[in-house]
Amino acid sequence: MLAAAEEQLGKIAAAAQRARRPLRGREAIALRVGGIIERFRMAKHFELAITETSLTCHRREEAIASEAALDGLHVIRTSLDGAAMDASAAASVYKSLAHVERAFRSIKTMAMHVRPVFHYNSERVRAHVFLCMLALRPAAHARASQADIVR
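These numbers were taken from a predicted model, which means no experiment stands behind them.

Draft legend 1. Quick look at the pattern of salt bridges. Enumeration over the complete set of coordinates arrives at five salt bridges. The partner of K44 in a salt bridge is E67, and the shortest N-O contact between them spans 3.0 Å. Here K44 is found in the loop between α2 (26–40) and β1 (46–50), whereas its partner E67 is found in helix α3 (residues 61–68), with 23 residues between them in sequence. Under the relative-accessibility criterion, K44 is labelled partly exposed at 48%. Judged by relative accessible area, which is 33%, E67 ranks as partly exposed. For E47, the salt bridge identified is with R60, shortest N-O distance 3.2 Å. A residue pair is termed long-range when its members are at least 10 positions apart, and E47 in strand β1 and R60 in the loop between β2 (55–59) and α3 qualify at 13 residues.

Put into structure tokens, the structure is as follows:
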């Protein structure tokens, strides 16, 4: 992304310096730069200087390095202490969240034919979610037993 953004910014800088029909005006240059920065979401990684007749850009190496140090790291926060759930258990619970989301999608779509119900009382909301989860239990059990048969 950095290289692509830098290439596009280089094209704008070249357009401002060309002999025939150069790109002129701080606003015109900034408008094009804004489009590139918005598309690639790289504003925090470049130092830009825009004048009436030129554009200069330099990479902010310290910002790039600090973000690169965080690449691939995920933070999972839980209210449980370390004795109740260790890091690997928290990660596996988080990954299983996709099953819960799929179940709620299943409830609300044609699979279970449950229409939206609007509750304003917190006890009724909890009861509604509880009933939906109870309705999903037989379907989950059937899916699990079918997976055992296939194996």
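Draft legend 2. Highlighting the nonpolar core. Of all hydrophobic cores here, the largest spans 17 residues; its most connected members are L9, I12, I29, V33, M42, F46 and L55. Among the secondary structure elements, those contributing two or more residues to this core are α1 (2–17) and α2. Residue contacts for M42: discarding those within four places in its chain leaves M1, L2, A5 and I37.

Draft legend 3. α1, seen in detail. With 16 residues, α1 extends 22 Å between its outermost C-alpha atoms, agreeing within 8% with the 22 Å of an ideal straight helix rising 1.5 Å per residue. Among all positions of α1, only L2, A5, L9, I12, A13, A15 and A16 are buried. Projected onto a plane normal to the axis of α1, the buried residues spread over an arc of 160° and lie on a single side. Relative to its buried face, α1 has exposed residues pointing more than 90 degrees away, namely A3 and Q17. Against the buried residues of α1 lie α2, β1, β2 and α3.

Reading the values: rules and limits
- Residues numbered from 1 in each chain as written.
- Predicted model: local features only at pLDDT ≥ 70, side-chain atom pairs only at ≥ 80, totals over all residues.
- Heavy atoms only, no water.
- Salt bridge = Lys/Arg side-chain N within 4 Å of Asp/Glu carboxyl O.
- Helix = DSSP H or I, 4+ residues; strand = E, 2+ residues; numbered from the N terminus.
- Buried < 20%, exposed > 50% of the residue type's maximum accessible area, 1.4 Å probe, protein only.
- Core = buried A, V, L, I, M, F, W, Y, C linked by side-chain atoms within 4.5 Å.
- Contact = heavy atoms within 4.5 Å.
- Expected span 1.5 Å × (residues − 1).
- Arc of directions from axis to C-beta.

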